Structure formats: structure tokens, C-alpha cells
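Listed below, chain by chain, are the residues.
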Amino acid sequence: MAVVVMKFGGTSVANIERIANVARHVKREVAAGNKVAVVVSAMAGTTNQLVDWVNEVSPRYDAREYDAIVASGEQITAGLLALTLQTAGLKARSWQGWQIPVETDKAHGAARIAKIDGGRLRERIDQGEVAVVTGFQGIEPEDARIATLGRGGSDTSAVAVAVAIGADVCDIYTDVDGVYTTDPRIVPEARRIPRISYEEMLEMASLGSKVLQTRSVELAMVYGMRLRVLSSFADPESLPAVEVGKLEHIGTTVCSEEDIVETQVVSGIAYAKDEAKVTILKLDDKPGVAARIFGPLAQSAINVDMIVQNITPDGAHTDLTFTVQAAELPRALEVIESIKKDLGNFEVRSSKGVVKVSIIGIGMRSHAGVAAQMFKTLSDKGINILAISTSEIKVSVLIDADYAELAVRALHETYGLDAQADPV
Ligand code: ADP
Ligand code: ASP
Ligand code: MG
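Parameters and conventions
- Residues numbered from 1 in each chain as written.
- Chains lettered and ligands numbered in written order.
- Predicted model: local features only at pLDDT ≥ 70, side-chain atom pairs only at ≥ 80, totals over all residues.
- Heavy atoms only, no water.
- Helix = DSSP H or I, 4+ residues; strand = E, 2+ residues; numbered from the N terminus.
- Buried < 20%, exposed > 50% of the residue type's maximum accessible area, 1.4 Å probe, protein only.
- Lys, Arg positive; Asp, Glu negative; His and termini not counted.
- Salt bridge = Lys/Arg side-chain N within 4 Å of Asp/Glu carboxyl O.
- Axes fitted to C-alpha atoms, helices over the stretch in contact; angles between N-to-C directions.
- Parallel < 35°, antiparallel > 145°, perpendicular 65-115°, else oblique.
- Left-handed = near helix turned anticlockwise from the far one by under 90°.
- Contact = heavy atoms within 4.5 Å.
- Near = heavy atom within 4 Å.
- Polar contact = N/O pair within 3.5 Å; in protein donor to acceptor, adjacent residues only side chain to side chain.
- Areas by Shrake-Rupley, 256 points an atom, 1.4 Å probe, with all protein chains shown as cover.
- Nonpolar A, V, L, I, M, F, W, Y, C, P; charged D, E, K, R; others polar.
- Pairing = 2+ DSSP bridges.
- Phe/Tyr/Trp six-rings, centres within 6.5 Å; stacked < 30°, edge-to-face > 60°.

**Regarding the side chain of Glu 203**
For step 1, the next point in the chain: Looking at the secondary structure, you find Glu 203 in helix α7 (residues 198-206).
For step 2, the next point in the chain: We note that Glu 203 is buried and unpaired, the nearest opposite charge coming from Lys 394 at a distance of 5.2 Å.

Next up, the structure:
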């Protein structure tokens, strides 16, 4: 008998019919004797609608009220699924974050889970009741306020619940049948990756592949929780139920590097659209300037990603380019404006029309020339690189947004990721 966490995203619970289909997936696991906790997202489009309403009422909203509003979508789905399961003859109960409780920190709107007491949930599922848990939300215990985990946060709820109840696996059911070499909506030739390492998945997620929230992969990696990405649209009766000690590799399994036999040099390609570029021209070239710019940005909790510094021809000045999240650009510009009086007469330029494209693969550690191949591919397509950043297992470039799709497709082909055409 296995303990299983099953997470269903927005498209998978978009209407009553799809919720009934989710119930069939749950029923398969229960029929096999498994103990099940289900984590659900809001019905497709609901969270966006709630966020829009918040912005309509108050663009500079109070984050506590934002959370009170946007957390409500998951509550509807949890209740509806619990009822659907009951109607199908299963024992089921819905659980909101505060009832478990899922305790978070105070960062409303992008809170992190601090602690989950899995005891009550475990007791109930041990009695054969399906626990239907609201994803995305928890409670900040000091002020007893609902907090949400950032967009896509139900994935993280699922992994955290899986760890808290000692689950054998955390299955993420979504609208694609696994993690692909790149977003299959952009590149139809993209292929499903049967197994991917935690490290690669972490990079893919944090570099823009929103199929899993970054924090969920981080948690799974830290706790060694086995994670699979599966399609909720697959016929529920056709999928094998989870068995202890024998995990079928359907969909994509996110696992340790040692469990992957065949490693690729480049496993996947990610792109992130919500980037903005800031260039500061004619900074004095002297020690401490970078610290005086990036210090205040960090203090304002603005994440700076890629950084490029050039010396100007006169040798006395430098130009500094860096990227931030597009949503944080106005705040970043405010911070820079506020340090202008200390740092002299520099000029600031910024633009939002940029995209970060990244190649990811653990095989890069042992292969030379991977980055050079990327730059050549882009140059052959006439695509200009605005900034570069690298780590042991990824290379990212910043390019003009107009070329994003072209770059992703070209790189996908260069690294041999395109699906082989079926032999005729
Ligand atoms: P859910 O609502 O189930 O959480 P999401 O929309 O958050 O689903 O994530 C699934 C989507 O992620 C897919 O529909 C796909 O367009 C997108 N996606 C982006 N990159 C990838 C990738 N590398 N592999 C699979 N899907 C990806
Ligand atoms: N409903 C939330 C969102 O749309 C959380 C999630 O679906 O994971 O971001
Ligand atoms: Mg998601």
C-alpha cells in the first residue's frame, strides 16, 4: 500500500466534467489500496480573474487582502472535488491551508512554507479518507492571516504535503504528459523527457519553464521526494496505480542524477519573457561603484540577474547593464534615481522587450564548446546577444523579444532535441 500525493492544476479542474475525471484518477489509486492526498489548484482562469479584480480595486494593494482574495479559488475546487468523490462513493474531506495547518512566513503574495504538521492529514488518510487539500495557500501563524505562495504555488503545496505525510511519490497531473525538451506550445518538435535530474529541472523551472514552480523542485530535491509529471487527460483507467517499490516511469520522473542512465549534453531549453534590461551609462570607473548600485537594489528586495560591465573608450567610465523582472522595473528605476546624487551624472536606459533564453544540461560539465555552439547558432540566425550568464549546467543569453521563438527553435535543433520524424 503506497501513500500518494496527486496534484491537479487549473486546466485539469477547469469544469465539473474535468473534476469528475480527476475523481476517476483518485478512484484508481484508492481501488489499488493506496492512501491518497489530493492537492488542487483553482479552476482555470479563476486566479487571473481574482488578481485582475484586486488590481482594479487597488493597484497598490495591501498584500494581506490580495491573499484573502486570490486564495479563494482553490477553496472552491477542493470543496467541489471532495463532493464529487463522495458522490462516487469514496470517503473524502476538503482541507484549507489553515485547517492542516500549512504555516508560512509573512511574505504575503510570495510566501514560503515554514512548517506543515502532517499528523491530522495522515491520521485521516490512514482511515481511508481521501484528503483534498487547497494548493497555493497557507496561514501565517502570528497574525493568523491567509498567505499565498506565488503563482504556480500549488506545485509547492503538493511537494510540501507529500514530505509532511511521508508520501512515496508526488504526482503532478497537468495538461501536458510530462516535462518536454522545451515548451511544446512553442516548438511542436519538442520531446518528452522520461527522466530529468532535480538539478536540471530546477534550472529549467527557474529559467522560465513554468510546468513546475521552482520552489517545488527545490523542496523535492532537498527531501529526496520522487516527483512525476503526468497528464490528467490520459484515460484514468489506463494509467497504472502507484505500487510501493515499483514506480513506473510514465510521464516524466524527476529524480537523482544517479538514476539517469543516458545523460544528454543539453537536456532542455527554457525561455523567460518577463525580463527587463537596465543600462547605466557613464559611471565613474572606481572601486565600490557596483556595490553602491547593487546594494540598494538588494535592500529593496529587487533580484538582479544578468550583469555586464564594459569600460568606455576614454577609460575613465564604465557602462553597466543588468536585468530584473519586468514587474520590478519601476521600483528598480526608483532605487537608481535615489542613488544618483551619490554617484554622479550617469544616464539610465531601460527596456522591457527582452527575453532570456537558456540551454540546460548536466552533460555540460564534461563537454567543452557547448556555449560556443549556442553563440554560433544565434549568430547564424542574425540574433544579437545583449548579455550572457553561465553556471556549471546552463548558459543563458538575453536577446530581443522578437527573436525568442526563432532562437528557441534553432537551439532545439542544434542540440539534437527535435523529435525524430516517424519512419514512413
Ligand atoms: P497547471 O495548471 O497544471 O499547473 P501550468 O500551465 O502551470 O499547468 O504548466 C503546464 C504548462 O507548462 C504546459 O501547458 C506548457 O505549455 C508549459 N511548459 C513550459 N515549458 C514546458 C516544458 N519544458 N515541458 C512541458 N510543459 C512546459
Ligand atoms: N491558482 C494559482 C495560480 O494560478 C496556483 C496554482 O495554480 O498553482 O497561480
Ligand atoms: Mg502550474
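**Quick look at the packing of α7 against helix α8 (residues 214-223)**
For step 1, the next point in the chain: Put simply, α7 and α8 touch, their axes get as near as 8 Å, and they point 165° apart. Considering their axes alone, α7 and α8 lie roughly antiparallel with respect to each other. By crossing handedness, the relation of α7 to α8 is classed as left-handed. Here Tyr 198, Glu 199, Met 201, Leu 202, Ala 205 and Ser 206 of α7 lie close against α8, whose contacting residues are Thr 214, Val 217, Glu 218, Ala 220 and Met 221.

**Let's talk about the site of ligand 2**
For step 1, the next point in the chain: Around ligand 2 sit Ser 41, Ala 42, Thr 47, Glu 74, Phe 136, Arg 151, Gly 152, Gly 153 and Ser 154, and that is every residue in its neighbourhood.
For step 2, the next point in the chain: For ligand 2, an oxygen atom lies 3.0 Å from a polar atom in the side chain of Ser 41.
For step 3, the next point in the chain: Arg 151 is positioned with one of its side-chain polar atoms (N or O) 2.6 Å from an oxygen atom of ligand 2.
For step 4, the next point in the chain: Across the complex, the protein chains shield 86% of the 260 Å² of accessible surface that ligand 2 would expose by itself.
For step 5, the next point in the chain: Split into classes, the residues belonging to the shell around ligand 2 amount to two nonpolar, five polar and two charged.

**Considerations on the pairing of strand β15 (residues 317-325)**
For step 1, the next point in the chain: The element β15 is largely enclosed, with a buried count of eight among its nine residues.
For step 2, the next point in the chain: In the sheet, strand β13 (residues 268-284) pairs with β15 via eight bridges, with the strands oriented antiparallel. When the bridges of β15 are listed, Ile 280 appears paired with Leu 320.
For step 3, the next point in the chain: Here strand β14 (residues 307-311) pairs with β15 via five bridges, running antiparallel. Looking across to β15, one finds that Gln 309 is bridged to Leu 320.
For step 4, the next point in the chain: Where β14 hands over to β15, the hairpin turn is made up of five residues, of which Gly 315 adopts a positive phi near 75°.

**A word on the sheet that holds β13**
For step 1, the next point in the chain: Pairing is antiparallel across the open sheet formed by six strands, whose spatial order is β14-β15-β13-β16-β18-β17. The open sheet has two edge strands, β14 and β17 (387-391), and neither has a second partner. Between one strand axis and the next, the sheet turns by 25° as a mean value, whatever way the strands run.
For step 2, the next point in the chain: Those strands touched by helix α12 (residues 370-380) are β16 (347-360), β17 and β18 (394-400), and its axis lies near 20° from that of β18.
For step 3, the next point in the chain: Across the sheet, helix α13 (residues 404-414) is in contact with β13, β16 and β18; its angle to β16 comes to roughly 25°.

**Regarding the environment of Ala 404**
For step 1, the next point in the chain: Of note, Ala 404 is situated in helix α13.
For step 2, the next point in the chain: Given the relative accessible area of 8%, Ala 404 is considered buried.
For step 3, the next point in the chain: Considered as a pair, Ala 404 and Asp 314 are 90 residues apart in the sequence and their alpha carbons are 35 Å apart.

**Section: the pairing of strand β7 (residues 137-140)**
For step 1, the next point in the chain: The pairing of β7 with strand β8 (residues 145-148) spans four bridges and is antiparallel. In the sheet register, Glu 140 faces β8, and the bridge partner there is Arg 145.

**Some details on the packing of aromatic side chains**
For step 1, the next point in the chain: Under the counting rule described, the total for this entry stands at three aromatic pairs.
For step 2, the next point in the chain: Relative to Tyr 173, the ring of Phe 8 lies with its centre 4.7 Å away and its plane at 15°, an arrangement referred to as stacked. Residue Phe 8 is found in strand β1 (residues 3-8), and its partner Tyr 173 is found in strand β9 (residues 169-174); the two are separated by 165 residues along the sequence.
For step 3, the next point in the chain: Of the residues examined, Phe 8 reaches a relative accessible area of 0% and is grouped as buried.

**Section: the site of ligand 1**
For step 1, the next point in the chain: Taken together, the neighbourhood of ligand 1 is formed by 18 residues, with Thr 174, Asp 175, Tyr 180, Asp 183 and Arg 185 sitting nearest.
For step 2, the next point in the chain: Within the side chain of Asp 183, a nitrogen or oxygen atom sits 3.0 Å from an oxygen atom of ligand 1.
For step 3, the next point in the chain: Here an oxygen atom of ligand 1 and a backbone polar atom of Lys 210 are 3.5 Å apart.
For step 4, the next point in the chain: Within the complex, 84% of the 570 Å² of free accessible area of ligand 1 lies under protein.
For step 5, the next point in the chain: Residue composition of the shell around ligand 1, grouped by class: six nonpolar, seven polar and five charged.

Function cannot be inferred from these measures alone, as they are strictly geometric.
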